[in-house]
Structure formats: C-alpha cells, structure tokens
Amino acid sequence: MKEKTTQTLGALGVRSAEQLAPLIAGLREEFERDTTTARDDVSWKAFRDAWLGRKSGVLAAITENWLKAAPTPDLKRAAGQALNELRAQVEAAIEERRRAIEAGAEEASLASERVDLTLPGVMRPVGSRHPIRQTFDDIERIFLSMGYQVVSGPEIETPYYNFEALNIPEHHPARDNMDTFYMETPPGAETRLLRTHTSPMQIRTMEKQKPPVRIIVPGKVYRRDNPDATHSFAFHQIEGLAVDVDLTFCDFAGTIDYFIRQFFGPGTKSRFRPSYFPFTEPSVEFDASCIFCGGSGVTGAGLTCSKCKGSGWIELFGAGMVNPAVYHFVKYDAAKLNGFAFGLGVDRLTMLKYGIDDMQVFFQNDVRFLRQFS
Ligand code: DAH
C-alpha cells in the first residue's frame, strides 16, 4: 500500500472520500505490521524514518501526492483529515515503541548485571602468621602486660655495642671470626658486623633513656653457624632488660617464672642454674619443667622422656642481674641501680612449644608446614 503514496490520487483513480477510505485503512494495517519490526534502537529508527521521514517518509508522500495534489476541494478536505488522524496514530505509536524498547534495554541490562547470590564466592587463600611471628607476639603480649616496652634496633652493629659496652672483652671467643659475620668496609672505616645477639639494644636504650627501664627487644641475629636441626646463620631472639632503684633477684626470678607459666602453661615450673655471661653478674640459665613428660622424666608408656632425657627439665635461656660494669658504659649510677636481663631464643622456644624438631622448617616457607599455624 505504501508504494501507492508515490502516485497522486488522480493517477490512482480516486475521485471521492469513499474511495480514499480503503486506502487509508490499508495504510493503517501496514503501519501496524511495521510496528513489530522495531525491536531495538536501529530498527526503530528505520521504522520511524519510513513513516515520518521528512523527505521519503510515507506521511510526507501523502502530503505531497494526495493532499497537495488533490483534484477536488472535497477530496483535499478528506485527505487532510485522514492525514491528520494517521499522523496522530503514527506519532503516538512510534513514541510508544521507543519507550518500550528503552524499558526493554534497561531490563536486559539489569538482567545481565544481576548478581547471582547463590554462586559460590571466589576463594582467596588466606595466609597465616609464621610460627616465629606468633611466638614473638605471644612473648610481647606477656611482657607488655607487665609494663614492658617493645623496642627494636639495628641488625648491622659496631663492635662497641655488640661486644665492648656489654663487657665482652677483646679476647672473648664470641668475638672470633668463626662466630661473627664482619662486614667488608672501606679501609679506615669503622668495623661493622651483623649483631650476634639482641643485647646491644640494652646499651642503646640505656644511653638514650634514664632509669627506670623495662624493655624487650625482638629481632633477628646472625652467627656463622652451619645449618642443622638446631642451628641457622640467622635466628631470632628477644632481649629483656629491667633497671630500677629497687629491683632484686626475687623480682628477677618471679618475672621469669611468671613468663614461663604464661608461655608454656600454668603447671610449668621454673628453676635456674649458675652460668656465665660477661654482661650479667650473677648469671644464670633458666630451665622449665619438661612440657612433654610433665617434669617426671618418663613418658606415659613408661619410657625415658627423649625431650628432657629423663631429667624432667629443659634448658631455656640465659639471664642474670645486670653487671655493674655495663652501667659504667652508659653512665648509670651503679651504686644506686639494680637490674636484670635475659635473652630468649625465639626459635628454640617455638620448637619446644609446638614440638618441632628441625629448625630449618622455619626458613623453608613450605606451606604444608606453615598452614598448621593458622
Ligand atoms: N646475648 C646472649 C646470647 O645471645 C643471651 C643472653 C644471656 C642475653 C644472658 C641476656 C642475658 O640479656 O642476661 O647468647
């Protein structure tokens, strides 16, 4: 029917309004059929232009060929009226289609963006704290609860802080090249080494701070040891130092006993034996009652406990009352002050606590091992 609009009414043989009516009805039907072709933005535009296009649209053709070129005034009026009605219908329907397509597109995009809450989430493997880190944290928590501060210091040290000021004289075996990593330094520069213990921070802290001092120093230390089940060239310590005007050996033993019970469990006993460290006087070695056999020296099966070799005790760490010689290096008044110090081997304490028998697993980063400490 559309193609008929390219001819004038005269050429089509239309002479009256009655003859025009079926043409208009046919166009309406065709328009309705066309409506269904407008499914998206692109097809809608083609549909709109086919009917409303200024130059080649059907309504423009009707205006040109049927209305303007109407042979009689009667037919002109009839064509004008029919055109107006058709235009109203076409415009309304095209607008209605546009809205429907827009709503549909929105629905489709909503559907495609919909989050399916029933799908399983993306599983990200969560790491765990390294057992050494956990021991650091556990020990820090215990001493923080007793009013200690946590401080840290350099891993590259001078012989003064690592040895001299700790009253470790030149001839002491700890100074030996066999035990200490010395750095290569330019000729004339001061000797540098990797600290062999966390004790230098005793000196650095007392130099900076007036008494009272209550600190612990967690950190890495280095020694020229060949790696085996109980040795590594890098390992971990926590140094402890308390200095005040009225600290006694009882405070010292009580503090350590409290720490051991907090760390290994309330049933654990502690004891100390005489020992020697240049920076403490007297020096001791603390032991804990064996956490594997409960201090009895025998296992549940009646065998000798292999962990404490039947003694019921396990060696823990060195400690002592601060040697007055140390106070002289930091210009503390040795006549007025008392203090105690201790050096915890974090790797050893971790091995004891969790029943680990090879220190190397701490450094291998095998997730099958690490996963057990989440
Ligand atoms: N610095 C010692 C070491 O690494 C451990 C130590 C022993 C530290 C006794 C202390 C102490 O503070 O009092 O072998």
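A quick note: this is a predicted structure, and the numbers were derived from the prediction, not measured.

Chemist: Is there a simple way to explain the overall build of the protein in this structure?
Modeler: A tally of helices and strands in the protein yields 13 helices and 9 strands. Radius of gyration (C-alpha) of the protein: 47 Å, far over the 21 Å computed for a compact globule of 374 residues. Dimensions along the principal axes, computed over C-alpha positions, put the protein at roughly 130 × 65 × 40 Å. Counting the 374 residues in the protein, one finds 42% classified as buried. Pairs at least 24 residues apart make up 69% of the contacts formed inside the protein by residues separated by at least 6 positions. Counting every atom, the protein has about 20,900 Å² of accessible surface; 53% of that belongs to carbon and sulfur. For the protein, the distance from the average site of its 44 positive side-chain charges to the average site of its 48 negative ones is 5 Å.

Chemist: Help me understand the pairing of strand β5 (residues 234-244) in this model?
Modeler: Burial within β5 is extensive, with 11 of its 11 residues counted as buried. Where strand β4 (residues 213-222) and β5 come together, 10 bridges link them in antiparallel fashion. Bridging across to β5, K220 finds its partner in H236. Bridging between β5 and strand β9 (residues 338-345) involves 8 bridges; their strand directions are antiparallel. Counted as the bridge partner of L241 is A341 from β9.

Chemist: Help me understand the nonpolar core, please; the structure alone is not making it clear to me.
Modeler: Burial of nonpolar side chains together is a common tendency in soluble globular proteins. Counting 44 residues, the largest nonpolar core has F259, L316, F342 and L344 as its most contacted members. The greatest single-element share of this core, amounting to 6 residues, is contributed by helix α9 (residues 249-264). If we ignore the near neighbours within four places in the chain, the residues touching L316 are I260, F264, F286, D287, A288, R348, L349 and L352.

Chemist: Would you take a moment to explain the environment of P218 for this structure?
Modeler: Tracing the chain through its elements places P218 in strand β4. Taking relative accessible area as the criterion, P218 reaches 15% and is therefore assigned buried. Linking P218 and F277, residues 59 residues apart in sequence, is a C-alpha distance of 20 Å. Leaving out residues up to four positions away in the same chain, P218 has contacts with F136, E140, V150, V151, S152, Q237 and I238.

Chemist: Would you explain the packing of aromatic side chains in this entry?
Modeler: Aromatic ring pairs: the centre-centre distance and the angle between the two ring planes describe each pair. Tallied over the entire structure, the rule returns 21 aromatic pairs. Here F143 and Y148 contribute two aromatic rings whose centre-to-centre distance is 5.1 Å and whose plane-to-plane angle is 75°, an arrangement assigned as edge-to-face. Y148 matches F143 in its accessibility class, with the two residues each being buried. Taking the centre distance of 5.2 Å and the plane angle of 80° together, the rings of Y160 and Y161 count as edge-to-face. On the basis of relative accessibility, which here comes to 27%, the residue Y160 falls in the partly exposed class.

Chemist: Honestly, the site of the ligand in this entry has me stumped. Any pointers?
Modeler: Near the ligand there are 15 residues, and of these H197, S199, R223, Q237 and E239 occur at the shortest range. Residue S199 places a side-chain N or O atom 2.9 Å away from a nitrogen atom belonging to the ligand. F342 is positioned with one of its backbone polar atoms (N or O) 3.3 Å from an oxygen atom of the ligand. Starting from 350 Å² of accessible surface for the ligand in isolation, the protein chains cover 89%. Those elements that provide at least two residues to the shell around the ligand are β5, β8 (313-322) and β9. A per-class count over the shell around the ligand returns 5 nonpolar, 8 polar and 2 charged.

Chemist: Before we go on, may I ask you to explain the pattern of salt bridges in this structure?
Modeler: Two side chains carrying opposite charge are able to pair once their charged atoms lie near each other. This model, assessed by the stated rule, comprises 21 salt bridges. Among the ionic pairs, E102 bridges to R98, the shortest N-O distance being 2.8 Å. Of this pair, E102 and R98 are both found in helix α5 (residues 73-113), 4 residues apart, which corresponds to roughly one turn of the helix. When its relative accessible area of 47% is taken as the criterion, E102 is described as partly exposed. In this structure R98 comes out as partly exposed when scored by relative accessible area, which is 26%. For D137, the salt bridge is made with R133, and the minimal N-O distance between the two is 3.4 Å. Pair noted here: D137 and R133 are both in helix α6 (residues 131-144), with a separation of 4 residues, about one helical turn.

Chemist: What is the right way to look at the sheet that holds β8 in this model?
Modeler: Sheets are built from strands paired through backbone hydrogen bonds, the pairs being either parallel or antiparallel. A sheet is described by the order of its strands in space; here 7 strands give the open sequence β1-β4-β5-β9-β8-β7-β6, paired in mixed fashion. Looking at strand neighbours, the two that pair on one side only are β1 (149-150) and β6 (270-277), the edges of this open sheet. On top of the sheet, helix α8 (residues 200-208) reaches β4, β5 and β9; it is set at about 40° to β5, its chief contact.

Chemist: Can you walk me through the packing of α9 against helix α11 (residues 346-354) in this structure?
Modeler: Geometry of a packed helix pair, given as the angle between the helix axes and the separation of the axes. The contact between α9 and α11 brings their axes to 11 Å, and the two run at 50°. The orientation of α9 with respect to α11, classified from their angle, is oblique. Of the residues in α11, those touching α9 at F259, F263 and F264 are L349, L352 and K353. Within the contact of α9 with α11, the residues separate by chemical class into 5 nonpolar, no polar and 1 charged.

Chemist: What's the story with the side chain of T63 in this structure? I'm lost.
Modeler: Relative to the helices and strands, T63 resides in helix α4 (residues 58-68). Those residues in contact with T63 that lie beyond four places of it in its chain are K68, L83 and R87.

Chemist: Hey, could you run me through the pairing of β4 in this one?
Modeler: Within a regular strand, the side chains alternate between the two sheet faces. Within β4, 8 of the 10 residues are buried, which leaves it mostly tucked inside the rest of the structure. Of the pairings in the sheet, the one linking β1 to β4 comprises 2 bridges and is parallel in character. From the neighbouring strand, V150 faces β4, where its bridge partner is I216.

Criteria and thresholds
Residues numbered from 1 in each chain as written. Predicted model: local features only at pLDDT ≥ 70, side-chain atom pairs only at ≥ 80, totals over all residues. Heavy atoms only, no water. Helix = DSSP H or I, 4+ residues; strand = E, 2+ residues; numbered from the N terminus. Rg over C-alpha atoms; globule rule 2.2 N^0.38 Å. Buried < 20%, exposed > 50% of the residue type's maximum accessible area, 1.4 Å probe, protein only. Contact = heavy atoms within 4.5 Å. Areas by Shrake-Rupley, 256 points an atom, 1.4 Å probe, with all protein chains shown as cover. Lys, Arg positive; Asp, Glu negative; His and termini not counted. Charge placed at Lys NZ, Arg CZ, Asp CG, Glu CD. Pairing = 2+ DSSP bridges. Core = buried A, V, L, I, M, F, W, Y, C linked by side-chain atoms within 4.5 Å. Phe/Tyr/Trp six-rings, centres within 6.5 Å; stacked < 30°, edge-to-face > 60°. Near = heavy atom within 4 Å. Polar contact = N/O pair within 3.5 Å; in protein donor to acceptor, adjacent residues only side chain to side chain. Nonpolar A, V, L, I, M, F, W, Y, C, P; charged D, E, K, R; others polar. Salt bridge = Lys/Arg side-chain N within 4 Å of Asp/Glu carboxyl O. Axes fitted to C-alpha atoms, helices over the stretch in contact; angles between N-to-C directions. Parallel < 35°, antiparallel > 145°, perpendicular 65-115°, else oblique.

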